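Commentary on secondary and tertiary structure
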Amino acid sequence: MENHALSDERIQVIVPAHPLIKHWISVLRNEQTPSSIFKNAMAELGRLLVYEASRDWLPTITGEVQTPVGVATAEFIDPSDPVMIIPILRAGLALAEHASTILPATRTYHLGMRRDETTLQPSAYLNKLPDKFPEGSRVIVMDPMLATGGTIVAAIDLLKDRGVESKQVKVISAVAAPPALEKLSKKFPGLHVYAGMVDPVLNEKGFIVPGLGDAGDRSFGT
């Protein structure tokens, strides 16, 4: 697992070195991948990254269970403390599709962000976030492409307005690029970013290169 701390007391970027993650990233990169397979690959990648991001992070309760031959100590994820899943629409829906198959207790809040293709600035067109998150909430924000960083920064700002601190947030992305990571690092100390890959540059339109194209269009065939 590659762990890139951009500086002390700033964000950590984790790129898990798992062959399945590399496989699904390769499927997503291929321009010949059909939309249905692309969407499934995004969901599978999201499942693996949620698994990695939830290590040593989930609240548990202990007790005992009766097995067919005796009594065993048991440890379960605490169902009274669900993880908040926030997919950023559209493509975040595909990335978050299998999150609940990994996490036994979740709540999902949808956030739709639109990027102006000229100014590259984001705006929210759908906001289903609660007015206030419970104290100590664990929040996973799922945004497939961290390119310029405008969208993810705007999303986390909305979380902070609702009482969530950077250290309570984990960001999951298929592909990230340095401009977004630098913005996050400067603004949100303690944040953890889990990415399938970090690519080096953006093109003049703000797309990640080599990247995987427009994740929303390719996920939903539009």
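The rules we used
- Residues numbered from 1 in each chain as written.
- Predicted model: local features only at pLDDT ≥ 70, side-chain atom pairs only at ≥ 80, totals over all residues.
- Heavy atoms only, no water.
- Helix = DSSP H or I, 4+ residues; strand = E, 2+ residues; numbered from the N terminus.
- Rg over C-alpha atoms; globule rule 2.2 N^0.38 Å.
- Contact = heavy atoms within 4.5 Å.
- Lys, Arg positive; Asp, Glu negative; His and termini not counted.
- Charge placed at Lys NZ, Arg CZ, Asp CG, Glu CD.
- Buried < 20%, exposed > 50% of the residue type's maximum accessible area, 1.4 Å probe, protein only.
- Salt bridge = Lys/Arg side-chain N within 4 Å of Asp/Glu carboxyl O.
- Axes fitted to C-alpha atoms, helices over the stretch in contact; angles between N-to-C directions.
- Parallel < 35°, antiparallel > 145°, perpendicular 65-115°, else oblique.
- Left-handed = near helix turned anticlockwise from the far one by under 90°.
- 1 Å grid on protein atoms, 1.4 Å probe; cavity = no way out; pocket = protein on both sides within 12 Å on 5 of 7 lines; lining within 4 Å.
- Points joined across faces, edges and corners; volume = space filled by probe spheres on them.
- Nonpolar A, V, L, I, M, F, W, Y, C, P; charged D, E, K, R; others polar.
- Arc of directions from axis to C-beta.
- Core = buried A, V, L, I, M, F, W, Y, C linked by side-chain atoms within 4.5 Å.

**Re the overall build of the chain**
- Looking only at helices and strands, the chain features seven helices and 14 strands.
- A compact globule built from 222 residues should have a C-alpha radius of gyration of about 17 Å, and the chain, at 18 Å, falls within 12% of that.
- Each of the three principal axes of the chain carries a C-alpha extent, and together these read 65 × 40 × 35 Å.
- Counted over contacts in the chain with a minimum sequence separation of 6, partners at least 24 positions apart contribute 63%.
- Across the chain, the 22 positively charged side chains and the 25 negatively charged ones have centroids separated by 4 Å.

**A short note on unusual backbone geometry**
- Put simply, Leu89 and Arg90 share a cis peptide bond, and its omega is 5 degrees.
- Turning to its location among the elements, Arg90 is positioned in the loop between β5 (83-89) and α3 (91-95).
- Going from Val209 to Pro210, the amide bond is cis rather than trans, its omega being 5 degrees.
- Looking at the element boundaries, Pro210 is found in the loop between β14 (208-209) and α7 (215-220).
- Its identity as a non-glycine residue notwithstanding, Asp56 has a phi of 55 degrees, on the positive side.
- Take Asp56: it is sitting in the loop between α2 (35-53) and β3 (60-67).
- Judged by relative accessible area, which is 86%, Asp56 ranks as exposed.

**Focus on the pattern of salt bridges**
- Scanning the model with the defined rule gives seven salt bridges in all.
- The residue Arg47 makes a salt bridge to Glu44 at a minimum N-O spacing of 3.1 Å. Of this pair, Arg47 and Glu44 both sit in helix α2, separated by three residues, roughly a single helical turn.
- Looking at Arg47, the relative accessible area reads 24%, which means it is partly exposed.
- With a relative accessible area of 18%, Glu44 lands in the buried category.

**Some remarks on the packing of helix α5 (residues 150-161) against helix α6 (residues 178-187)**
- Close contact between α5 and α6 brings their axes to 9 Å; oriented N to C, the two are set at 25 degrees. Between α5 and α6, the interaxial angle falls into the category roughly parallel. Where α5 crosses over α6, the two elements pack in a sense that is right-handed. Of the residues in α6, those in contact with Gly150, Ile152, Val153, Ile156 and Asp157 of α5 are Lys183, Leu184 and Lys187.

**So, the side chain of His98**
- With respect to the helices, strands and loops of the structure, His98 is situated in the loop between α3 and α4 (99-102).
- Apart from the residues lying within four places of it in its own chain, the contact partners of His98 are Ala43, Glu44 and Arg47.

**Focus: the layout of surface pockets**
- Estimated volume of the largest pocket: approximately 630 Å³.
- In terms of lining residues, the largest pocket is bounded by 28 residues, among which Arg115, Asp143, Met145, Thr151 and Asp214 are the most central.
- Secondary structure elements with two or more residues in the lining of the largest pocket: β5, α3, β7 (111-115), β10 (145-146), α5 and α7.
- A breakdown of the residues in the lining of the largest pocket according to their chemical character gives 13 nonpolar, eight polar and seven charged.

**Re the packing of helix α1 (residues 19-29) against α2**
- Between α1 and α2, whose axes approach to 9 Å, the crossing angle comes to 155 degrees. Between α1 and α2, the interaxial angle falls into the category roughly antiparallel. The crossing of α1 and α2 is left-handed. Where α1 abuts α2, its residues Leu20, Ile21, Trp24, Ile25, Val27 and Leu28 lie against Ile37, Phe38, Asn40, Ala41, Met42, Glu44, Leu45, Leu48 and Leu49.
- Broken down by class, the residue content of the contact of α1 with α2 amounts to 13 nonpolar, one polar and one charged.

**Brief notes about α6**
- Burial in α6 covers these residues: Ala180, Leu181, Leu184 and Ser185. Down the axis of α6, the sector holding all buried residues measures 130 degrees, keeping them to one side.
- Looking at the buried positions of α6, the neighbouring elements they touch are β2 (12-15), β10, α5, β11 (169-176) and β12 (192-198).

**Topic: the nonpolar core**
- The biggest cluster of nonpolar side chains holds 35 residues, and the ones touching the most others in it are Met42, Leu45, Ile85, Ile140, Met142, Ile172 and Leu212.
- Every element with two or more residues in this core is listed here: α1, α2, β5, α3, β9 (139-142) and β11.
- Here the element with the most residues in this core is α2; it accounts for eight residues.
- In this structure, Ile140 is in contact with Trp57, Val83, Met84, Ile85, Ile86, Leu103, Lys170 and Ile172, ignoring residues within four places of it in sequence.
- Core analysis: the second largest hydrophobic core is formed by 30 residues, Tyr109, Ile156, Ala176 and Phe188 among them.

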